[in-house]
Each structure stands twice: as structure tokens, then as C-alpha cells.
Amino acid sequence: MQHLVFVYGTLRQGQSNHHYVQDCELLGRFDTPKEFALFDLGAYPALTCGSKSVVGEVYVINDEVLASLDRLEDVPVEYRREQIETTFGLAWVYLYQLELTANKEILSGDWCK
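Throughout what follows, the structure given in this document is the object of discussion. Along every chain, residues carry numbers that run from 1 in the direction the sequence is written. It should be noted that, the model being predicted, local features are given only for residues of pLDDT at least 70 and side-chain atom pairs only at 80 or more, the latter also being counted only at that level, while totals for whole chains, interfaces and linings use all residues. Each side-chain value is derived from all of the structure's non-hydrogen atoms; neither hydrogens nor water enter the calculation.

Here's the deal with helix 1 (residues 63-72)
Applicable threshold: In this scheme, a residue with accessible area under 20% of its type's maximum is buried, one over 50% is exposed, and one in between is partly exposed, where area comes from a 1.4 Å probe on protein chains only. In this text, helices come from DSSP runs of H or I with a minimum length of four residues, and strands from runs of E with a minimum of two, each type numbered from the N-terminal end. It only takes one pair of heavy atoms within 4.5 Å for two residues to be counted as in contact. Nitrogen and oxygen atoms within 3.5 Å of one another constitute a polar contact, given that in protein one can donate a hydrogen and the other can accept it, and given that sequence-neighbouring residues count only through two side-chain atoms.
Within the span of helix 1, buried status applies to Val65, Leu66, Ser68, Leu69 and Asp70. Turning to helix 1, the residues buried within the fold contact strand 1 (2-7), strand 5 (55-62), strand 6 (79-86) and strand 7 (89-96). Between a side-chain oxygen at the N-terminus of helix 1 and the backbone nitrogen of Glu64 the separation is 3.1 Å; the capping residue is Asn62. Immediately downstream of helix 1, the backbone of Asp74 shows phi near 55°, a positive value.

Here we look at the pattern of salt bridges
Using the following cut-off: One speaks of a salt bridge when a side-chain nitrogen belonging to Lys or Arg is within 4 Å of a carboxyl oxygen belonging to Asp or Glu.
In this structure the tally under the stated criterion is six salt bridges. The residue Glu57 makes a salt bridge to Arg12 at a minimum N-O spacing of 3.9 Å. With Glu57 in strand 5 and Arg12 in the loop between strand 1 and strand 2 (25-31), this pair connects stretches of sequence that are 45 residues apart. You'll find Glu57 and Arg12 in the same group, each marked buried.

Bear in mind that shape data such as this cannot, by itself, settle questions of function.
Here it is in C-alpha cells:
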């Protein structure tokens, strides 16, 4: 089965975990509605509910890639997977669900900047 996934951090082009989706079809860039917040956890970002737009990419993936992303994102412990509406259709997104303490918000909404 095919799925769409919105990636905003280490899975994006040029980032450390991009190899998980590099053979998948990139549909394009997507900026979320102003409903999220992005935080810098050091090695990777955390997406939570908020009031800012977040920059990312939407890919077409299969069940096998989705399962590998779930393992990478430590679903259901560290992240949970939900769907958001994108210009390409409904896409899975990984939302951080642990407590954020002194982490710095990425005000630009772009992990790669």
C-alpha cells in the first residue's frame, strides 16, 4: 500500500536519515498551516502542536518504509504518527509526545536553516 509522509527534520534531503526515503518519490516541499511548533533536541527536531508553520517535504512511501520510519521515530513511545492535510493529500507526520523542558524552539520552522 502507498502512503504519503511529511518529513521535517533528519529525513529531509541532505540530512542524516534521508537514506530511509531517498528511493521514494518526492512530491515536493510543503509548509504546514500555523498549527505546529518545532524544537531543537540536538541531534533531531521535535514537532508539537503550536502556532507556527513548519517546512518539510512530502514523499510517497510503501508499508515497508512506513514500518522502518515507525521504528526510527520510536512509535508509540517518543513520537506518535498522525495524518495532516497537505497540498498532495493526507500525509503521515510524526509528532513528539515526550515532555519538552529547556529545548530551543526553531522560530523559522525550518530544521535545515
